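# Descriptive structure summary
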Amino acid sequence: VRCSHGAPIGQLDADALFLLRARGIDAALARSLIMRAFAVAALHALPEDDMRALFTERLRDALGAPA
């Protein structure tokens, strides 16, 4: 059995976090921005507009910020 996909779990990219923090962005906001960027990229891959809109709304609710 061979697995050819990655799992979207684990630690945030330390380099991305460092770059945001080096530009004066608060640690909590930097983490939120990285998570939101990952999720939005996945949402853009959805083929149907209605599905994308539904999950975008749910993402906004979950992260408490605009997606």
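Residues numbered from 1 in each chain as written. Predicted model: local features only at pLDDT ≥ 70, side-chain atom pairs only at ≥ 80, totals over all residues. Heavy atoms only, no water.

### Some words on the overall build of the protein
The secondary structure content of the protein amounts to three helices and zero strands. Moving toward the C terminus, one meets the helices and strands of the protein in the order α-α-α. Summed over its atoms, the accessible surface of the protein is roughly 5,500 Å², and 59% of this surface lies on carbon and sulfur atoms. (Helix = DSSP H or I, 4+ residues; strand = E, 2+ residues; numbered from the N terminus. Areas by Shrake-Rupley, 256 points an atom, 1.4 Å probe, with all protein chains shown as cover.)

### Some words on the confidence of the model for the protein
Interpretation of this model should avoid reading the predicted coordinates in detail wherever pLDDT is low. Averaged over all residues, the pLDDT of the protein is 81; the fraction at 70 or higher stands at 81%. Across the protein, helix 1 (residues 14-22) holds the top mean pLDDT of 92, while helix 2 (residues 27-44) sits lowest at 87. Of the regions scoring below 50 in pLDDT, residues 1-6 engages in zero contacts with residues more than four places distant in sequence or in other chains. (pLDDT = per-residue confidence, 0-100. Contact = heavy atoms within 4.5 Å.)

### So, the pattern of salt bridges
With the rule as written, the count across this model stands at one salt bridge. Among the ionic pairs, Asp 49 bridges to Arg 52, the shortest N-O distance being 2.7 Å. Placement of the pair is Asp 49 and Arg 52 together in helix 3 (residues 49-63), with a separation of three residues, close to one helical turn. With a relative accessible area of 22%, Arg 52 lands in the partly exposed category. (Salt bridge = Lys/Arg side-chain N within 4 Å of Asp/Glu carboxyl O. Buried < 20%, exposed > 50% of the residue type's maximum accessible area, 1.4 Å probe, protein only.)

### A closer look at helix 2
Counted at 1.5 Å a residue, the expected span for helix 2 with its 18 residues is 26 Å, and the 26 Å between its end C-alpha atoms agrees. Restricting attention to buried positions, one finds in helix 2 the residues Ala 30, Ser 32, Ile 34, Arg 36, Ala 39, Val 40 and Leu 43. On its buried side, helix 2 packs onto helix 1 and helix 3. Regarding helix 2, its N-cap is Asp 26, as a side-chain oxygen of that residue lies 3.0 Å from the backbone nitrogen of Ala 28 further along. (Expected span 1.5 Å × (residues − 1). Polar contact = N/O pair within 3.5 Å; in protein donor to acceptor, adjacent residues only side chain to side chain.)

### Focus on the packing of helix 1 against helix 2
Each pair of packed helices can be summarised by the angle the axes make with each other and by the distance between the axes. Interaxial distance between helix 1 and helix 2 falls to 9 Å at its minimum, and their mutual angle equals 130 degrees. As summarised for this structure, helix 1 and helix 2 are arranged oblique, according to the angle between their axes. Of the two elements, helix 1 crosses helix 2, and the hand of that crossing is right-handed. Every residue of helix 2 that contacts helix 1 at Ala 16, Leu 17, Leu 20 and Arg 21 is listed here: Ala 27, Ala 30, Arg 31, Leu 33 and Ile 34. Class assignment of the residues belonging to the contact of helix 1 with helix 2 gives a composition of seven nonpolar, no polar and two charged. (Axes fitted to C-alpha atoms, helices over the stretch in contact; angles between N-to-C directions. Parallel < 35°, antiparallel > 145°, perpendicular 65-115°, else oblique. Left-handed = near helix turned anticlockwise from the far one by under 90°. Nonpolar A, V, L, I, M, F, W, Y, C, P; charged D, E, K, R; others polar.)

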